[in-house]
Amino acid sequence: MVHEILIWPDPRLKEKARPVPAVDTAIRALIDDLFETMYAAEGVGLAAPQVGVLSRVLVIDASPRQEGQTPIALVNPVLVASRGEIVWSEGCLSVPGEAEDVKRAEFVTVRALDRDGRPIEISDASGLIAVALQHEIDHLDGTLFVDHLSTLKREVIRRRMKRLKQERAEGKTAPEGDAGARPAL
Ligand code: NI
């Protein structure tokens, strides 16, 4: 089922998601919904809080844009190691049409459970997948990419998002932003 993606600012996007006690059929259904919602929005990653579910679950599919990648679903992911530094132009499905440079670790190692509840490790990931992992784990802690920007940039985007939400509420279709072609996380 495709869910509505919450648009920032929204108090639910600022909350810390709870650890999943057991990977059961409800969690697998949530994972399926996250993939379906992400693909419908043509995104690269999506975290459960973005659809209003405060559970530590995320999905990423960097495969169309990064060689060697496959779709991944992570439950209770933990960033266990990081090194290096990279600046990446990031977008977010909860901040449509916007993209800004964010400083991230260049390489990350993440441990999590997969959709069957088995422990997995993604070792020394780099490129888009590394950025996506950091971006989505941030979502689970109530942090968005806009929180990594200057106050001035964040407030400009906040005003644009408020206008966008108002236009949507009035039934107007928003024009594609110039960041529309960038992958949203
Ligand atoms: Ni995002």
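The notes below deal with the structure included here. (Residues numbered from 1 in each chain as written. Predicted model: local features only at pLDDT ≥ 70, side-chain atom pairs only at ≥ 80, totals over all residues. Heavy atoms only, no water.)

1. Describing the overall build of the chain
Now for step 1: Scanning the chain from N- to C-terminus turns up three helices and seven strands.
Now for step 2: Beginning at the N terminus, the succession of helices and strands in the chain can be written as α-β-β-β-β-β-β-β-α-α.
Now for step 3: The globule rule puts the C-alpha radius of gyration for 185 residues at 16 Å, and the 16 Å found for the chain is close to it.
Now for step 4: Projecting the C-alpha coordinates of the chain onto the three principal axes gives extents of approximately 45 × 35 × 30 Å.
Now for step 5: Counting the 185 residues in the chain, one finds 46% classified as buried.
Now for step 6: For the chain, restricting intrachain contacts to residue pairs at least 6 apart in sequence, the fraction spanning at least 24 positions comes to 67%.
Now for step 7: Accessible area for the chain stands at about 9,300 Å²; split by element, carbon and sulfur atoms hold 50% of it. (Helix = DSSP H or I, 4+ residues; strand = E, 2+ residues; numbered from the N terminus. Rg over C-alpha atoms; globule rule 2.2 N^0.38 Å. Buried < 20%, exposed > 50% of the residue type's maximum accessible area, 1.4 Å probe, protein only. Contact = heavy atoms within 4.5 Å. Areas by Shrake-Rupley, 256 points an atom, 1.4 Å probe, with all protein chains shown as cover.)

2. With respect to the coordination of the nickel ion
In ideal tetrahedral geometry, four donors around a metal make angles of 109.5 degrees, whereas ideal octahedral geometry with six donors gives angles of 90 or 180 degrees.
Now for step 1: Distances from the nickel ion to its protein donors, namely Cys92 (SG), His135 (NE2), His139 (NE2) and Leu185 (O), fall within the range 2.1 to 2.3 Å.
Now for step 2: Around the nickel ion sit four donor atoms; with metal-centred angles ranging over 96 to 142°, the donor geometry is irregular.
Now for step 3: Donor residues for the nickel ion, ordered by position in the chain, follow C-x42-H-x3-H-x45-L. Of this pair, His135 sits in helix 2 (residues 127–140) while Leu185 sits in the segment after helix 3 (151–169), and the two are 50 residues apart along the sequence.
Now for step 4: Given the relative accessible area of 1%, His135 is considered buried. (Donors = N, O, S within 2.8 Å, 3.2 Å for Na, K, Ca; no water. Tetrahedral: all angles 85-135°; square planar, octahedral: opposite > 155°, others 65-115°.)

3. Examining the pairing of strand 4 (residues 86–92)
Consecutive side chains along a regular strand alternate between the two faces of the sheet.
Now for step 1: By the bridge criterion, six bridges tie strand 4 to strand 5 (residues 95–104) in an arrangement that is antiparallel. Bridging across to strand 5, Cys92 finds its partner in Val95.
Now for step 2: The antiparallel pairing of strand 4 with strand 5 creates a hairpin that spans two residues between the two strands. (Pairing = 2+ DSSP bridges.)

4. Notes on the nonpolar core
Now for step 1: Counting residues in hydrophobic clusters, the biggest one holds 23 residues, and the most contacted among them are Leu58, Ile60, Ile72, Leu74, Val108, Ala125 and Leu133.
Now for step 2: For this core, the secondary-structure elements that each account for two or more residues are strand 2 (57–60), strand 3 (72–83), strand 6 (107–113), strand 7 (119–125) and helix 2.
Now for step 3: With eight residues, the single largest contributor to this core is helix 2.
Now for step 4: Counting residues in hydrophobic clusters, the runner-up holds 18 residues, among them Ile27, Leu30, Ala73 and Ala184. (Core = buried A, V, L, I, M, F, W, Y, C linked by side-chain atoms within 4.5 Å.)

5. Digging into the sheet that holds strand 1 (residues 45–47)
Now for step 1: Pairing is antiparallel across the open sheet formed by five strands, whose spatial order is 1-2-3-6-7. Looking at strand neighbours, the two that pair on one side only are strand 1 and strand 7, the edges of this open sheet. Within this sheet the neighbouring strands show an average axis-to-axis angle of 35°, counted without direction.
Now for step 2: Two strands pair when backbone bridges link them, and strand 6 and strand 7 are joined in this way by five bridges, in the antiparallel orientation. By the bridge assignment for strand 7, Arg111 is matched with Glu121.
Now for step 3: Where helix 1 (residues 25–40) meets the sheet, its contacts fall on strand 1, strand 2 and strand 3, and the angle it forms with strand 2 comes to roughly 40°. (Axes fitted to C-alpha atoms, helices over the stretch in contact; angles between N-to-C directions.)

6. Some points on the packing of aromatic side chains
Now for step 1: Enumeration according to the criterion identifies one aromatic pair in this entry.
Now for step 2: Ring plane angle 15° and centroid distance 5.9 Å describe the contact between Phe35 and Tyr39, whose orientation is recorded as stacked. With Phe35 and Tyr39 both in helix 1 and four residues apart, this pair spans about one turn of that helix.
Now for step 3: One cation-aromatic arrangement involves Arg83 over Phe107; the distance from NZ or CZ to the ring centre is 4.0 Å. (Phe/Tyr/Trp six-rings, centres within 6.5 Å; stacked < 30°, edge-to-face > 60°. Lys NZ or Arg CZ within 6 Å of the ring centre and 35° of its normal.)

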